[in-house]
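# Structure at a glance
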Amino acid sequence: MSLPDQVLSALASTERPVCAYIYDTGVARDRVAAVRAALPPGATLYYAVKANGHPALVGAYADTADGLEVASGGELALALDAGARRIAFGGPAKTPAELSAAHEAARTTDLTLHVESALELRRLGALGPLPSSARVALRVNRAVAGPAGSHAMTGTPTPFGIDETQLASVASLAASLGVPVCGFHLHAVSNSLDAPAYAAFAADAVAWSRRTAAELGIDLRYVNVGGGFGISYDDPGRSFDLTALDWSALDLPDGVELAFEPGRFLAAPAGWYAAEVLDLKRTHGRWFAVLRGGTHHFRLPAAWGYSHPFTVVRVDDWPHPWERPEISGVEVDVVGELCTPRDVLARRTPIDRLRVGDLLVFGQTGAYGWDISHHEFLRHPHPDVIVL
Ligand SMILES: *Cc1c(COP(=O)(O)O)cnc(C)c1O
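Residues numbered from 1 in each chain as written. Predicted model: local features only at pLDDT ≥ 70, side-chain atom pairs only at ≥ 80, totals over all residues. Heavy atoms only, no water.

## A few points about the overall build of the protein
A count of helices and strands for the protein gives 10 helices and 19 strands. Considered along the principal axes of its C-alpha atoms, the protein spans approximately 80 × 40 × 35 Å. In the protein, which comprises 388 residues, the share counted as buried stands at 53%. Put simply, of all contacts in the protein between residues at least 6 apart along the chain, 74% involve residues at least 24 apart. By element, 53% of the accessible surface of the protein is carried by carbon and sulfur atoms, the whole surface being about 16,300 Å². With 32 positive and 43 negative side-chain charges, the protein shows a spacing of 3 Å between the two charge centroids. (Helix = DSSP H or I, 4+ residues; strand = E, 2+ residues; numbered from the N terminus. Buried < 20%, exposed > 50% of the residue type's maximum accessible area, 1.4 Å probe, protein only. Contact = heavy atoms within 4.5 Å. Areas by Shrake-Rupley, 256 points an atom, 1.4 Å probe, with all protein chains shown as cover. Lys, Arg positive; Asp, Glu negative; His and termini not counted. Charge placed at Lys NZ, Arg CZ, Asp CG, Glu CD.)

## Observations regarding helix α6 (residues 118–125)
Along α6, the residues classified as buried are Glu 120, Leu 121 and Leu 124. For α6, the arc enclosing every buried residue in end-on projection is 105°, short of the 170-degree limit, so these residues lie on one face. In the core, the buried residues of α6 are packed alongside α5 (96–105), β5 (110–115), β6 (135–141) and α7 (167–177). Among the residues of α6, the N-terminal cap falls to Ser 117, whose side-chain oxygen and the backbone nitrogen of Leu 119 are separated by 3.4 Å. (Arc of directions from axis to C-beta. Polar contact = N/O pair within 3.5 Å; in protein donor to acceptor, adjacent residues only side chain to side chain.)

## Here's the deal with the environment of Arg 122
Summarising the element assignment, Arg 122 is placed in helix α6. On a C-alpha basis, the gap between Arg 122 and Ala 174 in space is 8.2 Å, while along the polypeptide they are 52 residues apart. Setting aside anything within four residues of it in sequence, one finds Arg 122 in contact with Leu 173 and Leu 177.

## So, the pairing of strand β14 (residues 286–291)
The pairing of strand β13 (residues 271–283) with β14 spans six bridges and is classified as antiparallel. Bridge pairing in β14 links Val 277 to Leu 291. Connecting β13 to the antiparallel partner β14 that follows it, the hairpin turn spans two residues, and His 284 within it adopts a positive phi of roughly 45°. Where β14 and strand β16 (residues 326–335) come together, four bridges link them in parallel fashion. The residue bridging Trp 287 from the neighbouring strand is Val 332, located in β16. (Pairing = 2+ DSSP bridges.)

## Examining the packing of α7 against helix α8 (residues 195–216)
Interaxial distance between α7 and α8 falls to 10 Å at its minimum, and their mutual angle equals 60°. The pairing of α7 with α8 is recorded here as oblique in orientation. For α7 against α8, the interelement crossing comes out right-handed. Contacts between α7 and α8 pair Leu 167, Ala 168 and Ala 171 from the former with Trp 208, Thr 212 and Leu 216 from the latter. (Axes fitted to C-alpha atoms, helices over the stretch in contact; angles between N-to-C directions. Parallel < 35°, antiparallel > 145°, perpendicular 65-115°, else oblique. Left-handed = near helix turned anticlockwise from the far one by under 90°.)

## Side note on the UniProt feature "domain: Orn/DAP/Arg decarboxylase 2 C-terminal" (unreviewed entry) in the protein
In the numbering adopted here, UniProt assigns the feature "domain: Orn/DAP/Arg decarboxylase 2 C-terminal" (unreviewed entry) to residues 21–366. In this annotation, residues 21–366 is assigned 27% helix and 27% strand; the end-to-end C-alpha distance for the span is 8 Å. (UniProt positions renumbered as here; feature names shortened; annotations may be inferred.)

## Structural notes on the side chain of Ser 209
Assignment of secondary structure puts Ser 209 in helix α8. Among the polar contacts listed, one links the side chain of Ser 209 to the backbone oxygen of Ala 205, at a separation of 2.7 Å. Sequence-distant contacts of Ser 209, defined by excluding residues within four places in its chain, comprise Phe 184, Leu 186, Leu 220 and Val 223.

## What about the side chain of Arg 142?
As for its placement among the helices and strands, Arg 142 is situated in the loop between β6 and β7 (151–152). For Arg 142, a relative accessible area of 9% puts it in the buried group. Within the local environment of Arg 142, its side chain forms a polar contact with the side chain of Asp 204, the two groups lying 3.0 Å apart. Discounting chain neighbours no more than four positions away, the residues touching Arg 142 are Thr 154, Gly 155, Glu 164, Leu 186, Asp 204, Ala 205 and Trp 208.

## Topic: the site of the ligand
For the ligand, the set of nearby residues contains 14 residues, the closest of which are Lys 50, Gly 228, Glu 261, Arg 264 and Tyr 368. Within the side chain of Lys 50, one N or O atom sits 2.8 Å away from an oxygen atom of the ligand. Arg 264 places a polar main-chain atom, nitrogen or oxygen, 2.8 Å from an oxygen atom of the ligand. Computed on the free molecule, the ligand has an accessible area of 390 Å², of which 91% lies beneath the protein chains in the complex. If you map the ligand onto the pockets, it falls in the largest pocket. (Near = heavy atom within 4 Å. 1 Å grid on protein atoms, 1.4 Å probe; cavity = no way out; pocket = protein on both sides within 12 Å on 5 of 7 lines; lining within 4 Å. Sits in = over half its atoms within 2 Å of the grid points.)

## Quick notes on the domain arrangement of the protein
Domain assignment breaks the protein into domain 1 (5–21 + 271–387) and domain 2 (85–262). On a C-alpha basis, the centres of domain 1 and domain 2 stand 38 Å from each other. If you look at the interface, domain 1 gives eight residues, while domain 2 gives six residues. On the domain 1 side of the contact with domain 2, Trp 304, Tyr 306 and Gln 364 bury the most area, a combined 69% of that side's loss. (Domains from an automatic or database assignment. Buried area = accessible area lost by both parts, 1.4 Å probe.)

## Considerations on the layout of surface pockets
There is about 590 Å³ of room inside the largest pocket. What lines the largest pocket is a set of 32 residues, among which Lys 50, Met 153, His 187, Ser 190 and Tyr 368 lie closest to the centre. Mapped onto the lining of the largest pocket, the elements with two or more residues apiece are β10 (189–190), α9 (264–267) and α10 (300–304). Looking at side-chain class alone, the lining of the largest pocket contains 14 nonpolar, 10 polar and eight charged residues. In this model, the second largest pocket occupies a volume close to 240 Å³. Residue lining of the second largest pocket: 18 residues in total, with Pro 301, Ala 302, Ala 303, Arg 342 and Val 344 positioned closest to the centre. With four residues, strand β17 (residues 344–355) is the largest single contributor of residues to the lining of the second largest pocket. The class makeup of the residues in the lining of the second largest pocket is nine nonpolar, five polar and four charged. (Points joined across faces, edges and corners; volume = space filled by probe spheres on them. Nonpolar A, V, L, I, M, F, W, Y, C, P; charged D, E, K, R; others polar.)

Put into structure tokens, the structure is as follows:
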């Protein structure tokens, strides 16, 4: 994979040994435009902040997307700081303090709360009436599964949302508490690679919402199908294909807003993780490239059990009096600086030529990279963060 010039030039001026995340806000903006163009006309596009909460990226998404989807008080504060035009607040474990913060935010920002349980409704109701501009949707774990992906959120036991069989009782509780419900939140999948199946899921989510709202006496205004547009890290050709989103089966009545809230698809291509090769060694017949960096900065390959592709950036400078270690034409395991055999970013990867002091650059690391990693394990310094 070739690297953009601006990434290469940022790396050239980074302190050695290089260990850095590079984020490109221009890519973030372009991604929003591409996704928006592929959605049904008039659809709402939120960015799911949990994919990458770096303020520069969050700012770029606040600017270009319709709003930000947040799932904690911390993300809510970030979204407010970023000046998000709209905020959707979800998550299965909102504390009373977080609900109050949302209540407060609803006075100044267009806010939609995705309520995940009967008890959460009671906690919300106890805070008094929400401003009339605020909206409440019920997050539902439907009886049927969503499209295939890396994680299923619905159609299976999970802590997310209200079981479809309990929806009628939760809807009547909302009515008795005076909490007006405007629709449903149906986030169902992470990392779907099948755009036609995703579009079919969204069309079905709308049809189900219409039927269910009619049954429950809800005046349907809002259907949020969540995120889940996927990236195929080890086989880029299989990533979610926006051009294959076919909305012909979608029957969306006037006055009903259809919302999407992808994270990974918007943020992954906006980030690169670069780490310098500190050592090359062979034990029991296997080659290891040891990096200044690792899974405490980029945990995804270890969490998901795949090898993340990388590009070798050659650094010719070698200011030392001793011989420079080098390998060529072999397979290498790319490991980090942590004292655990699980600190592996890529296994058995064929390499043309690699020297100590060269850089490995991992693309598609803007989503669920730094944000999901255990930064303090072993107390190595954090990577530099360079924002383009
Ligand atoms: C994580 C999450 C998203 C974003 O998911 P992606 O797979 O990154 O698109 C959207 N909505 C909810 C409720 C989530 O939990």
